[in-house]
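Structural characterization, general
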Amino acid sequence: MSAYGRMHRKEDARFIRGRGTYTDDVNLPGMLHGAVLRSPHAHAAIVSIDTSAAEAHPKVKAVITGETLAGLRLAWMPTLSGDTQAVLATDKVRFQGQEVAFVVAEDRYAARDALELIDVEYEPLPAVVDARRALDEDAPVIRDDLDGKADNHIFDWQAGDKAATDAIFERAQVTVAQDMLYPRVHPAPLETCGAVADFDRVTGKLTVWCPTQAPHAHRTLYAMVAGIPEHKIRVISPDIGGGFGNKVGIYPGYVCAIVGSIVTGRPVKWMEDRSENLMSTSFARDYHMHGEIAATRDGRIQAIRVKVLADHGAFNGTAQPTKYPAGFFHVFTGSYDLAAAHCEVTGVYTNKAPGGVAYACSFRVTEAVYLVERLVDVLAVELDMDPAELRMRNLLKPGQFPYTSPTGWEYDSGDYPRTLRLALDMAGYDKLRAEQADRRAAGGPLMGIGISFFTEAVGAGPRKHMDILGLGMADGAELRVHPTGKAVLRVSCQSQGQGHETTFAQIVAQELGMSPGDVEVVHGDTDQTPFGLGTYGSRSTPVSGAATAMVARKVRERARVVASAMLEASPEDLEWAEGRWAVRGDPATGKSMAEIALAAHSGLELPEGVEGHLDAVCVYNPPNLTYPFGAYVCVVDVDPGTGQVKVRRFVAVDDCGVRINPMIVEGQIHGGLADGVGMALMQLMAFDEEGNHLGASFMDYLLPTAVECPSWELGETVTPSPHHPIGAKGVGESATVGSPAAVVNAVVDALRPYGVRHADMPLTPANVWLTIQGRPFRT
Ligand code: CDP
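**With respect to the environment of Gly534**
Along the chain, Gly534 falls in the loop between β26 (519-522) and α14 (540-567). Spatially, the C-alpha atoms of Gly534 and Ala217 are 7.6 Å apart, while their sequence positions differ by 317 residues. Ignoring anything within four residues of it in the chain, the contact list for Gly534 reads Gln213, Ala214, Asp475, Ser492, Cys493 and Arg539.

**Some remarks on the packing of aromatic side chains**
Any aromatic ring pair is given by two values, namely how distant the centres are and how the planes are angled relative to each other. If you walk through the whole model with that rule in mind, you get 23 aromatic pairs. With a centroid separation of 5.4 Å and an interplanar angle of 65°, the aromatic rings of Tyr403 and Tyr411 are classed as edge-to-face. With respect to burial, Tyr403 and Tyr411 carry one shared label: buried. With a centroid separation of 5.2 Å and an interplanar angle of 65°, the aromatic rings of Trp576 and Trp581 are classed as edge-to-face. In this structure Trp576 comes out as partly exposed when scored by relative accessible area, which is 25%. Classification of Trp581 by relative accessible area gives buried; the value is 3%. Site record: aromatic cluster; members linked through ring pairs are Tyr324, Phe328, Phe363, Trp409 and Tyr536. Cation over ring: Arg14 sits above Phe15, and NZ or CZ is 4.8 Å from the ring centre. The ring of Phe283 has Arg184 sitting right over it, with the charged end atom 3.3 Å from the ring centre.

**A look at the sheet that holds strand β13 (residues 233-236)**
Pairing in this open sheet of 7 strands is mixed, and the strands run β3-β7-β1-β14-β11-β12-β13 from one edge to the other. One side of each edge strand has no neighbouring strand; the edge strands of this open sheet are β3 (60-65) and β13. Ignoring which end each strand starts from, the neighbouring axes of this sheet average 20° apart. Taken strand by strand, helix α6 (residues 215-226) contacts β12 (205-209) and β13, and its axis lies near 150° from that of β13. Helix α7 (residues 252-264) contacts β1 (32-38), β3, β7 (99-105), β11 (194-200), β12 and β14 (268-271) of the sheet and is inclined by roughly 30° relative to β11.

**So, the site of the ligand**
Taken together, 23 residues lie near the ligand, and Gln498, His500, Ser540, Thr541 and Val731 sit nearest. Separating an oxygen atom of the ligand from a backbone N or O atom of Asn661 is a distance of 3.0 Å. Contact with the protein chains covers 99% of the free accessible surface of the ligand, which is 520 Å². Within the residue set of the shell around the ligand, elements represented by two or more residues are α13 (500-512), α14 and α16 (662-681). Residues of the shell around the ligand, tallied by class, amount to 8 nonpolar, 12 polar and 3 charged. Counting only domains with at least three residues in the shell around the ligand, you end up with domain 2 (283-404 + 412-460 + 624-773) and domain 3 (475-620).

**Details of the domain arrangement of the protein**
By convention, interface size is frequently given as the accessible area that disappears when the constituent parts associate. Partitioning the protein into domains gives domain 1 (11-125 + 191-241 + 247-280), domain 2 (283-404 + 412-460 + 624-773) and domain 3 (475-620). Taking only C-alpha atoms into account, the centre of domain 1 sits 40 Å from that of domain 3. On the side of domain 3, 22 residues touch domain 1, which itself brings 20 residues to the contact. Across the interface of domain 1 and domain 3, roughly 1600 Å² is buried in total on both sides, 46% from carbon and sulfur atoms. Considering only the surface of domain 1 that becomes buried against domain 3, Glu11, Gln213 and His216 emerge as the three largest contributors, covering 42% of it. In this assembly, domain 1 and domain 3 are joined by 4 salt bridges. Note that Asp527 is salt-bridged to Lys205, the shortest N-O span being 2.9 Å. Inspection of the domain 1/domain 3 interface yields 12 residue pairs in polar contact (both at pLDDT 80 or more).

**Focus: the pattern of salt bridges**
Side-chain pairs of opposite charge can arise whenever the charged atoms involved come near each other. Summed over the entire model, instances satisfying the criterion amount to 56 salt bridges. The salt bridge partner of Arg752 is Asp384, with a shortest N-O separation of 3.5 Å. One end of the pair, Arg752, is in the loop between α17 (734-750) and α18 (765-772); the other, Asp384, is in the loop between α9 (365-383) and α10 (387-394), with 368 residues separating them in the sequence. When its relative accessible area of 32% is taken as the criterion, Arg752 is described as partly exposed. Between Glu713 and Arg649 there is a salt bridge; the shortest N-O distance is 2.8 Å. With a gap of 64 residues between them, Glu713 in strand β33 (residues 713-716) and Arg649 in strand β32 (residues 645-655) connect regions that are remote in the sequence. Where salt bridges share partners, they join Asp83, Asp91, Lys92, Arg94, Arg143, Asp144 and Asp145 into one cluster.

So, how was this worked out
- Residues numbered from 1 in each chain as written.
- Predicted model: local features only at pLDDT ≥ 70, side-chain atom pairs only at ≥ 80, totals over all residues.
- Heavy atoms only, no water.
- Helix = DSSP H or I, 4+ residues; strand = E, 2+ residues; numbered from the N terminus.
- Contact = heavy atoms within 4.5 Å.
- Phe/Tyr/Trp six-rings, centres within 6.5 Å; stacked < 30°, edge-to-face > 60°.
- Buried < 20%, exposed > 50% of the residue type's maximum accessible area, 1.4 Å probe, protein only.
- Lys NZ or Arg CZ within 6 Å of the ring centre and 35° of its normal.
- Pairing = 2+ DSSP bridges.
- Axes fitted to C-alpha atoms, helices over the stretch in contact; angles between N-to-C directions.
- Near = heavy atom within 4 Å.
- Polar contact = N/O pair within 3.5 Å; in protein donor to acceptor, adjacent residues only side chain to side chain.
- Areas by Shrake-Rupley, 256 points an atom, 1.4 Å probe, with all protein chains shown as cover.
- Nonpolar A, V, L, I, M, F, W, Y, C, P; charged D, E, K, R; others polar.
- Domains from an automatic or database assignment.
- Buried area = accessible area lost by both parts, 1.4 Å probe.
- Salt bridge = Lys/Arg side-chain N within 4 Å of Asp/Glu carboxyl O.

Dropping the structure here:
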């Protein structure tokens, strides 16, 4: 019997009882509390900081400033992109909400009160808020801390073949171009960031509890930056209330909590509040894109070229493999069979929070999918062709896989037309178009139908191509089967709500013929798990999940030798059948994993060189990424009087290869679709001209709720990944990646009677209404 299937999540036993243990639940004897003083200015020189009144507060134990940290050579820290970021500002502040000082006090309230007693004198400087102004001659230089830096330029990067692409554009029968913005949004996890740091002065051991998506990478970075030996550092990532990329990097607050504990000799807890999370932790997107598409008049797409201006905020804190400053954006050719493609990306500094994280996506795949799916719709309007038909005409065909894209990706497997056809059938596409035609003929009401087809590149990644700060992206797994046949799996990835304790147990159970209930999954503790780069970019199943299958297979092979001793047969004469090792052709002799485990720990004489016990370790270096894909159809109704958009229906057909737990997969897709509706219709990290943050609460920065979401209609196709040991592809972020384009395409389609060809997200009622009036909103 297969261990895969719709098993209820093991972790829900504690979550639905409110018995999870989050970082803020960690309380240690003698623990102190930290609070961060933040800059009110987006750009200002620091003239002086007077901490004397705060230090005199009876409950304050320490006040740490940039100067204190400079003495420890910790005032600056490396970012995941190899830039530097101020831990506490020394020279000037570069975005509103930047960390300026850290107070450690007996309780959280005293720490916050004492922040008011710190007197900082600022000299305000002009701020650069709009990325399009960042490279102007007269733009103030944000990063004058960097040697010789005289502008706000970070990088220029390109991919694809420029000459071949330009040549196609020159000859093309039809070309269209569109400017579009993927606005700055925020992952906004339910649990904010924070840390409990405990430095033991006697043993020299530092323990940090923190909701990090990458505990091992954090430990290595702490060792490199703080000079504490790595084996003396333990990072524990307990239950996490959502990550979505927000919890990949190291934030100044973590470093301050550690320094606070070193300075005071007591544990220090620091938990940020919602506004701090929204203002200062990693944002996502903020890509100003100009895309062009070249095609024949009968709708053969030939080439795409793209220019992007990427706003990286005040410090380049984006997270992606080193070789790719624009992440995996160059997968923008999407799901189509193109002759050539080229993109250029320029990164700039602005006076906004640093980041550019992969918010529920594999390193800028979301921006790429949005770009191509909007461009295809713009082309469909130009050609007066149905967008479904245009896509169908250009999708890669099953026989083309493995397929090498014009920008160098090797897509592993796919049957795209089948998936699109299923989505269209589920939606009743022809009937919907007929309904729309009737409505248009009758002069209203407005309805729109939007399609998107996406291909993701997830499971970073092959070590020879991908590393973060020099750390290769392979993942470890350790598996031990105890004498009574119960197993413990230790993995380096870290669940933030994705249900790894269930699905990874299912993988082991499937490989070893056990029940998933007999497999315990340990994760999120560097002292207890093997090294690996963590969970983001939907890499857990493609990499750690593969490591899990491989380590289980190693154990299964060891079990074979033990079984051969039990059955007095040669290992070659055994076969694995129905979850047991049996003599070939004689299933009745089969030995279960529990029987074999007991024998492996017993006095049974084992063949020469076999050590006994039943365990194994594995490091999995993925040969390639996995390429999940899907077809989405969104139907919206739009009220032209108010600009209100209602998502009437949403059909999502996803193909993530073999599904370990279809129920968990569907839950992941539901969450991602809600995310997509949120980004398309309501989310924007807005700033005024002086760089004041206008979205620092959930009253201003809106999250989608059940009210805005329809009842999702899900379908699936299964095209296994040929190189993944169980044929699975990642899925955690597919829906966030694919859905915004479907919603926007639907709204733009609804507005077609007004001659609208494009409108930037978020399609708020005000924006839609202004778009109808011909005055679209621009940030
Ligand atoms: O890295 P992250 O866990 O965010 O993403 P993922 O690897 O796509 O997995 C999300 C959840 O869906 C995990 O519990 C997976 O094991 C599960 N999953 C599955 O059951 N089948 C798949 N083909 C892919 C993921």
